[in-house]
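# Summary of the model geometry
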Amino acid sequence: MRGRVEAVLVVSTLGLMSLQIALLGMPLSILSSGAVALVTLRKGATEGLITIAGASLAAIMLATIILMPYLFVALYVLVVWLPIWLIAIVLREGRQISLAVEIAILIGIVCVIGYYLFNADPALMWQQVMLKMIPANAPVDVETIKKMIAQFAPYMTGVTAASAVFSILLGLFLGRWWQAKLYNPGGFNQEFLGLRVQPRLATICIVIIGVAVVSSGALSQIAWNTAILLFVLYAFIGTAVIHSLLTKMKISQYAVPMLYITLVTLFRIMLPIVAIVGFSDTWLDLRNRNFNQT
């Protein structure tokens, strides 16, 4: 917010660091995209695009110094910075966080369908990629690993797209939270806790799952991969629902932090539960129901 140079340095440095440091890759990527979102949300689309262009040039210069291929910078721009810039514009102009989330999911779905249109057999491609990742001295049965890869490969397109969308939305929320802290205290909390989508989307989700179950081949794979992206959508909504319910409790100052600690530490267990809560809220309107407060 102090100037273009500061914004460019933050975005580019965090972006390259996320590619260099494996364990901190995703957190640093979210910080980088959050900075792009903040500039775009506060100063507009043009300023956000100027920041991305400057960060790209700075990243190329830094990549030259550390001998990193330029391809990584190009991919980062296409996969992280441009999508977060676009979604931030949607939120800035539309002023509805739900619409921004829906657009992000829609972009992911378009990418999944597009990938199937331009790749004859994505599952085979993913299978070949994952097979190359098996170490030569693997301590477990290689044949068992190959069978697991063959079963998981058809869903990797959706998993990859969902991971990208998940990261983009976290960056958007972070940028919006920073904006609220600076210029509108409490604004993001109100926005996030009110996150919801139209009921017809839940009906579409059921239809997609039904198509995935009864069909086969590429159509079934596209439907399942699309369902994975919708799973991310309802996971965010479920988090907002549970957070909203916990704020009504007398011990909310402890319950709300514990919610996010549990989500991080028990990610694989909690995420399906949270997504089910978000999906159920479509019809149950859980946030407006009266529960016993303890």
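Here, every reference points to the structure presented above.
### Here we look at the overall build of the chain
The helix and strand tally for the chain stands at 13 helices and 0 strands. In the chain, the succession of helices and strands from N to C terminus is α-α-α-α-α-α-α-α-α-α-α-α-α. Over its C-alpha atoms the chain spans a radius of gyration of 20 Å, differing by no more than 12% from the 19 Å that the globule rule assigns to 294 residues. Dimensions of the chain, computed from C-alpha atoms along their principal axes, come out at roughly 55 × 50 × 35 Å. A burial count over the chain gives 46% of its 294 residues as buried. Of the contacts formed within the chain by residues at least 6 apart in sequence, a portion of 75% connects residues at least 24 apart. Here the chain has roughly 16,200 Å² of accessible surface; of this, 69% comes from carbon and sulfur atoms. Taken together, the 18 basic and 10 acidic charged side chains of the chain have centroids lying 8 Å from each other.

### Looking at the state of the cysteines
Counted according to the given criterion, the structure contains 0 disulfides. Looking at Cys 205, it has no disulfide partner, and the nearest cysteine sulfur is the one in Cys 111, 19 Å off.

### Structural notes on the packing of helix H5 (residues 97–118) against helix H8 (residues 156–183)
Put simply, H5 and H8 touch, their axes get as near as 10 Å, and they point 155 degrees apart. Considered as vectors, H5 and H8 are oriented roughly antiparallel to each other. Seen from above, H5 lies across H8 with right-handed handedness. Here Ile 97, Ala 100, Val 101, Ala 104, Ile 105, Gly 108, Val 112, Tyr 115 and Tyr 116 of H5 come into contact with H8, specifically with Thr 157, Gly 158, Ala 161, Val 165, Leu 169, Leu 172 and Phe 173. Of the residues contributing to the contact of H5 with H8, the split by class is 13 nonpolar, 3 polar and no charged.

### Describing the pattern of salt bridges
Summed over the entire model, instances satisfying the criterion amount to 6 salt bridges. Of the charged contacts, one joins Asp 281 and Arg 196 as a salt bridge, the two residues approaching to 3.8 Å between their closest N and O atoms. Taken as a pair, Asp 281 in helix H13 (residues 267–284) and Arg 196 in the loop between helix H9 (187–193) and helix H10 (199–214) lie far apart in primary sequence, 85 residues in all. Residue Arg 196 is classed as partly exposed on the basis of its relative accessible area, which comes to 34%. Note that Asp 285 and Arg 196 form a salt bridge whose closest N and O atoms lie 3.7 Å from each other. Within this pair, whereas Asp 285 is found in the segment after H13, its partner Arg 196 is found in the loop between H9 and H10, the two being separated by 89 residues in sequence. Residue Asp 285 is classed as partly exposed on the basis of its relative accessible area, which comes to 28%. One salt-bridge network, in which partners are shared between bridges, spans Arg 196, Asp 281, Asp 285 and Arg 287.

### As for the nonpolar core
Counting 61 residues, the largest nonpolar core has Trp 81, Leu 172, Leu 195, Leu 229 and Leu 233 as the members making the most contacts within it. A per-element tally of this core places helix H4 (residues 70–94) first, with 12 residues. Those residues in contact with Leu 229, other than ones at most four positions away along the chain, are Ile 105, Gly 108, Ile 109, Val 112, Ala 161, Ala 162 and Val 165. Membership of the second largest hydrophobic core comes to 8 residues, among which are Ile 242, Val 256, Met 270 and Val 274.

### As for the packing of helix H11 (residues 217–246) against helix H12 (residues 252–265)
Taken N-terminus to C-terminus, the directions of H11 and H12 make an angle of 155 degrees; their axes are 9 Å apart at the nearest point. Between H11 and H12, the angle falls in the class roughly antiparallel. The chirality of how H11 crosses H12 is right-handed. On H12, the residues touching Thr 239, Ile 242, His 243 and Leu 246 of H11 are Ser 252, Ala 255, Val 256, Leu 259, Tyr 260 and Leu 263. Considering only residue class, the contact of H11 with H12 consists of 7 nonpolar, 3 polar and no charged.

### A few points about the environment of Ala 104
Relative to the assigned elements, Ala 104 resides in helix H5. Residue Ala 104 is classed as buried on the basis of its relative accessible area, which comes to 5%. Once residues lying within four places of it in the same chain are set aside, the contact partners of Ala 104 are Ile 87, Val 165 and Leu 169.

### A closer look at a nonpolar patch on the surface
A cluster of nonpolar residues, Leu 19, Leu 71, Phe 72, Leu 75, Leu 78 and Val 79, forms a patch on the protein surface that exposes about 560 Å² of accessible area. In terms of residues, the nonpolar patch owes the most to one element, H4, which gives 5 residues. Considering the arrangement of structural elements, one finds Leu 71 in helix H4. Assessed through its relative accessible area of 56%, Leu 71 is described here as exposed.

### Some words on unusual backbone geometry
Backbone geometry at Arg 95 places phi at a positive 60 degrees, although glycine is not the residue there. Phi is positive for Asp 285, close to 50 degrees, though the residue is something other than glycine.

Rules behind the numbers
Residues numbered from 1 in each chain as written. Predicted model: local features only at pLDDT ≥ 70, side-chain atom pairs only at ≥ 80, totals over all residues. Heavy atoms only, no water. Helix = DSSP H or I, 4+ residues; strand = E, 2+ residues; numbered from the N terminus. Rg over C-alpha atoms; globule rule 2.2 N^0.38 Å. Buried < 20%, exposed > 50% of the residue type's maximum accessible area, 1.4 Å probe, protein only. Contact = heavy atoms within 4.5 Å. Areas by Shrake-Rupley, 256 points an atom, 1.4 Å probe, with all protein chains shown as cover. Lys, Arg positive; Asp, Glu negative; His and termini not counted. Charge placed at Lys NZ, Arg CZ, Asp CG, Glu CD. Disulfide = S-S within 2.5 Å. Axes fitted to C-alpha atoms, helices over the stretch in contact; angles between N-to-C directions. Parallel < 35°, antiparallel > 145°, perpendicular 65-115°, else oblique. Left-handed = near helix turned anticlockwise from the far one by under 90°. Nonpolar A, V, L, I, M, F, W, Y, C, P; charged D, E, K, R; others polar. Salt bridge = Lys/Arg side-chain N within 4 Å of Asp/Glu carboxyl O. Core = buried A, V, L, I, M, F, W, Y, C linked by side-chain atoms within 4.5 Å. Patch = residues over 30% accessible without salt bridge, like charges linked within 9 Å, V, L, I, M, F, W, Y side chains within 5 Å.

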